[in-house]
Structures are given as structure tokens and as C-alpha cells.
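Listed below, chain by chain, are the residues.
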Amino acid sequence: MATALQRGGTYHGLACVVSEVAFLGGTAHTAKIRATIRTPAYWTGQPDGRRTPHQQEILGPCILTLTLIQDGWRILALNGP
């Protein structure tokens, strides 16, 4: 995604909606959760003006392993259904 943006690509309406979250365990610097992630429909744009539509996607329930870094929580691993 970062590379596409650097090359002039765009993402319009891209979002991640996290639901059905359950804490499964962890430590002071890690956490394991179960959640469903929904990405509503969106479209991407190319530098030449082309647009590509993307349909809604639902991933889950899946297991996310999070790690705490100086800037906050980050996804370390994602295991899908």
C-alpha cells in the first residue's frame, strides 16, 4: 500500500471495521485477540486516472497477535479462518 501511494495511487473509501472482538490472552507487551474484520467496498485509483472497484470483504473470525511498540499496538501476525 505504501508503495502504491508513493507512485501516485489512491485509495478511496478504504476502511477496516473490526467487530466481534474477544481478548484471548497476553502479556504487558503482547495480546492475542479473536475478531472479524470487514472492509467495505472501495476503489483504487491509478496515476493515469484508471479506477478499479473492490467489493466488500469479510475476514473472520481470525486471530490477531499484537505487539506493543513505542508508537502503540501493531499487528505482529494475522491467522485467518
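Residues numbered from 1 in each chain as written. Predicted model: local features only at pLDDT ≥ 70, side-chain atom pairs only at ≥ 80, totals over all residues. Heavy atoms only, no water.

S.K.: Could you give an account of the sheet that holds strand 3 (residues 30–39), naming the residues involved and the relevant values?
M.R.: Read across the open sheet, the 4 strands follow the order 2-3-6-7; overall the sheet is antiparallel. Where the open sheet ends on each side, the last strands, each with one partner, are strand 2 (17–26) and strand 7 (72–79). Here the strands of the sheet are splayed against their neighbours by 30° on average, with no regard to which way each runs. Relative to strand 6 (residues 57–69), strand 3 runs antiparallel, the two sharing 9 bridges. (Pairing = 2+ DSSP bridges. Helix = DSSP H or I, 4+ residues; strand = E, 2+ residues; numbered from the N terminus. Axes fitted to C-alpha atoms, helices over the stretch in contact; angles between N-to-C directions.)

S.K.: How would you explain the nonpolar core if you had to name every residue and give the values?
M.R.: Core analysis: the largest hydrophobic core is formed by 7 residues, namely Ala31, Ile33, Ala35, Ile37, Cys62, Leu64 and Leu66. If you list the elements that add at least two residues to this core, you get strand 3 and strand 6. By residue number, the principal contributor to this core is strand 3, which donates 4 residues. (Core = buried A, V, L, I, M, F, W, Y, C linked by side-chain atoms within 4.5 Å. Buried < 20%, exposed > 50% of the residue type's maximum accessible area, 1.4 Å probe, protein only.)

S.K.: Could you give an account of unusual backbone geometry, with specific residues and numbers?
M.R.: Among all residues save glycine, negative phi is the norm, and among peptide bonds the norm is trans. Residue Pro61 is bonded to the preceding Gly60 through a cis peptide linkage, with omega at 0°. Inspection of the secondary structure puts Pro61 in strand 6.

S.K.: Describe in detail the sheet that holds strand 4 (residues 42–45), supporting the description with residues and values.
M.R.: Spatially, 1-4-5 is the arrangement adopted by the 3 strands of the open sheet, whose pairing is antiparallel. The sheet is open, and its two edges are formed by strand 1 (10–12) and strand 5 (51–54), each paired on a single side. On average, adjacent strands in this sheet sit at an angle of 20° to one another, irrespective of strand direction. Here strand 4 runs beside strand 5; their pairing, made up of 4 bridges, is antiparallel. The residue bridging Thr44 from the neighbouring strand is Thr52, located in strand 5.

Note that every value here comes from positions in space, so none of it alone points to a role or purpose.
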